[in-house]
Amino acid sequence: MPRRLGAIRRSQLITTYGVGALIAVDNESFVIAGLDSWDVSEAVEIRERRLAGVLGVDHFRLPPAPDPDRGTDGVRVRRFPDYYSCPQCKALLPFRKFNSPVGEATCRDCGTGLVPSRFVLACDHGHLDDFPYWKWIHRGSEHSGGYCGGTLALTSDGSAASLRSVVVSCTCGVPEVSMDGAFRRQALRDLRIRCEGRSPWLRSAGPQTCTLKTRVMQRGSSSIWHPIVYSALTIPPWSEGLHRLVDEHDLLNASEETIRWYFSSRQRKLQAIDASVEDVIDLVRHLADPTLDESDSTGISAYAKLRHDEYESLRRENREHSSSELQTFVCERASGDLTPLKAVGVDDVMQVKRLREVRALAAFVRGATPMDADSDQRHARLAAADSDWLPAVEVSGEGVFLRLDQNRLRSWESNTDVRRRSDQIRDNHLRLLNERAAAQPRPDGQPVRSPVTPRFLLVHTLAHVLINEWSLDAGYPASALRERLYAGDGMAGLLIYTATSDSAGSLGGVVAQGELERLRRSLRSSLERASWCSNDPLCMESQASGTDNLNLAACHACVLLPETSCESNNCFLDRTLLIGDLGYFAV
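Worth saying up front: this structure is predicted, and the values here are computed from it rather than measured.

Asker: What exactly am I supposed to notice about the nonpolar core here?
Answerer: If you look at soluble globular proteins, the nonpolar side chains tend to sit buried side by side. By size, the foremost hydrophobic cluster in this structure holds 64 residues, and its most contacted members are Leu 51, Phe 60 and Leu 495. A per-element tally of this core places strand β17 (residues 346-365) first, with 7 residues. Once you skip the residues sitting within four places of it in the chain, Phe 60 turns out to touch Val 44, Glu 45, Ile 46, Glu 48, Leu 51, Ala 52, Leu 55, Val 358, Ala 360, Leu 390 and Ala 392.

Asker: Sorry, what's going on with the environment of Gly 583 here?
Answerer: Relative to the assigned elements, Gly 583 resides in the segment after α14 (516-530). Taking the C-alpha atoms as reference, Gly 583 lies 28 Å from Ala 480; in sequence the two are 103 residues apart. Setting aside anything within four residues of it in sequence, one finds Gly 583 in contact with Trp 412, Thr 576, Leu 577 and Leu 578.

Asker: Would you mind going over the pairing of strand β2 (residues 28-32) with me for this structure?
Answerer: Both faces of the sheet carry side chains from a regular strand, because those side chains alternate between them. Among the 5 residues that make up β2, 5 are buried, leaving the element largely enclosed by the rest of the structure. Judged by which residues are buried, β2 turns out to be covered on both faces: Glu 28, Phe 30 and Ile 32 on one side and Ser 29 and Val 31 on the other are all buried. Here 4 bridges tie strand β1 (residues 22-25) to β2, and the two strands are oriented antiparallel to one another. Residue Ala 24 lies in a different strand from β2, and its bridge partner there is Ser 29. In this structure, β2 lies alongside strand β5 (residues 77-79), joined through 3 bridges in antiparallel fashion. Looking at the pairing, Val 31 lines up with Arg 78 of β5.

Asker: Just to check I follow, could you spell out unusual backbone geometry for this structure?
Answerer: Keep in mind that most residues, glycine aside, have a negative phi and that most peptide bonds are trans. Put simply, Phe 80 and Pro 81 share a cis peptide bond, and its omega is 0°. Turning to its location among the elements, Pro 81 is positioned in the loop between β5 and β6 (83-85). The step from Asp 536 to Pro 537 runs through a cis peptide bond, and the omega angle for that step is 5°. With respect to the helices, strands and loops of the structure, Pro 537 is situated in the segment after α14. Positioned with a positive phi, Asn 99 is a non-glycine residue whose angle comes to about 50°. With respect to the helices, strands and loops of the structure, Asn 99 is situated in the loop between β7 (92-94) and β8 (115-116).

Asker: How should I be thinking about the pattern of salt bridges in this particular structure?
Answerer: Side chains bearing opposite charge may pair, as long as their charged atoms lie close to each other. Taken as a whole, this structure holds 39 salt bridges when the rule is applied. For the salt bridge of Arg 403 with Asp 347, the shortest nitrogen-to-oxygen distance reads 3.3 Å. One end of the pair, Arg 403, is in strand β18 (residues 389-404); the other, Asp 347, is in strand β17, with 56 residues separating them in the sequence. For Asp 574, the salt bridge goes to Arg 421, with nearest N and O atoms at 2.5 Å. Of the two residues, Asp 574 is situated in the segment after α14 and Arg 421 in helix α12 (residues 416-439); the sequence distance between them amounts to 153 residues. Note on accessibility: Asp 574 and Arg 421 belong to one class, buried. Connected through salt bridges with shared partners, the residues Glu 48, Arg 50, Arg 244, Arg 356 and Glu 394 form a single ionic network.

The rules behind the values
Residues numbered from 1 in each chain as written. Predicted model: local features only at pLDDT ≥ 70, side-chain atom pairs only at ≥ 80, totals over all residues. Heavy atoms only, no water. Core = buried A, V, L, I, M, F, W, Y, C linked by side-chain atoms within 4.5 Å. Buried < 20%, exposed > 50% of the residue type's maximum accessible area, 1.4 Å probe, protein only. Helix = DSSP H or I, 4+ residues; strand = E, 2+ residues; numbered from the N terminus. Contact = heavy atoms within 4.5 Å. Pairing = 2+ DSSP bridges. Salt bridge = Lys/Arg side-chain N within 4 Å of Asp/Glu carboxyl O.

Just geometry here; none of it tells us what the structure is for.
As structure tokens, this is what we get:
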């Protein structure tokens, strides 16, 4: 069995420590290895055909967990960076040259625990490499074209927190050099250092040709790894009945004989959903038909269609059936008098008492946060060869779906001042998208588009203020609640839900917020909170705020949320569009 280093939650392998991410274990540092090194022989398959079709895979798998009894290991890692230093003797060497005892990271000479290099190189195509310490200290010397035979040392006097106090020296006698200036864009260019195209998380993938400039990054920087995660709700008909039965028992590719044999001793499962073996066989044949195309488009447009289908399902009731064990989507219209909420622009309220969400890791990027304008080349690979599966987690939960009044919304959107305020964020976003597209043009040559509209800003900001309000009443912290936005193409709604990997996500605390009288009170309270911020008047009068100036009246004291709760990295927010003279709820 490989050496076991530690444990993390499976969900973290999708959002925090996925393939290609760096992880620190005690005094060592590793990179999560590619999918082709995972032992998935015992890994649970996750079926979500709508999402699988969008991402071009056959199915998903839950990240494997080690099982010593069966002799299987879990997710593997590889040592990175390669350079370590000894705090006592100050030696700076590749890890193997310290001759550490097996299973340890200590200096053989002095017995002190080693420290992995703080600095690494990365490029916008996701490549990763060690910092070139030897070239850094020997630049401009007679040895700059070849090795000097000396030994590097790394010292830090601790006199300051700046890089000036981190000094590299060599026994060959060249003047010692601090790390000050290593993060300048021109620094590596002057040393003629280019990206070597290394992918240390992929064992069988050799260096690739890469023409991009590489940059120095901190090993523990949050920008060293950004996941590209796609998610989908399981909606009818896939969430119940025959579809669910086929997925639960992995019968999608089973032969007719196998299906008949399987249900010969499981007739109760068919009786529970009032179905026969012939019904199962017919469905499996239908799903296996290669001409079957449940999506009329691909890529981003297909993902947009996936959202539109969810919106239509959330608008319709889907009550709990007698075969509830095979039903993962229960949506019921909130009972009571909706008139007070209609008066302020809420057209419908649905209580989603049960939902299932699949979140899949499709790729990752390094450096700047991912955007729609990014070229596909920027998306780093999860495996050396194409795979028919992706890692994913299956979560269950509950939520409340609100739909806004379309007539009132169209009237509000036509306000010139509202559109002018929305255009401020849209223009900033388009400028950023165009800069990103100019740096790495997309092969399709399509012009970049921004999703920012008055409707999107309204729905997004409303979701944030409600999550902040419900976190005080629903029994969940704000970080445990999530938003799912439906804005554009005739959609105007939002789903606030909790989704966890166990049954704790379905305790009823969020669904209770959908009771009409309670919702009316919480909506009024949340709007009152949004009308005042401790940073006012600076917050309310701001002309640009947040990351890349993609917010207006929004800050951590009023509407920003934990990163796990927001779909858009806390961007595209403006509470002025909720309240005040321009507010939707003030019309």
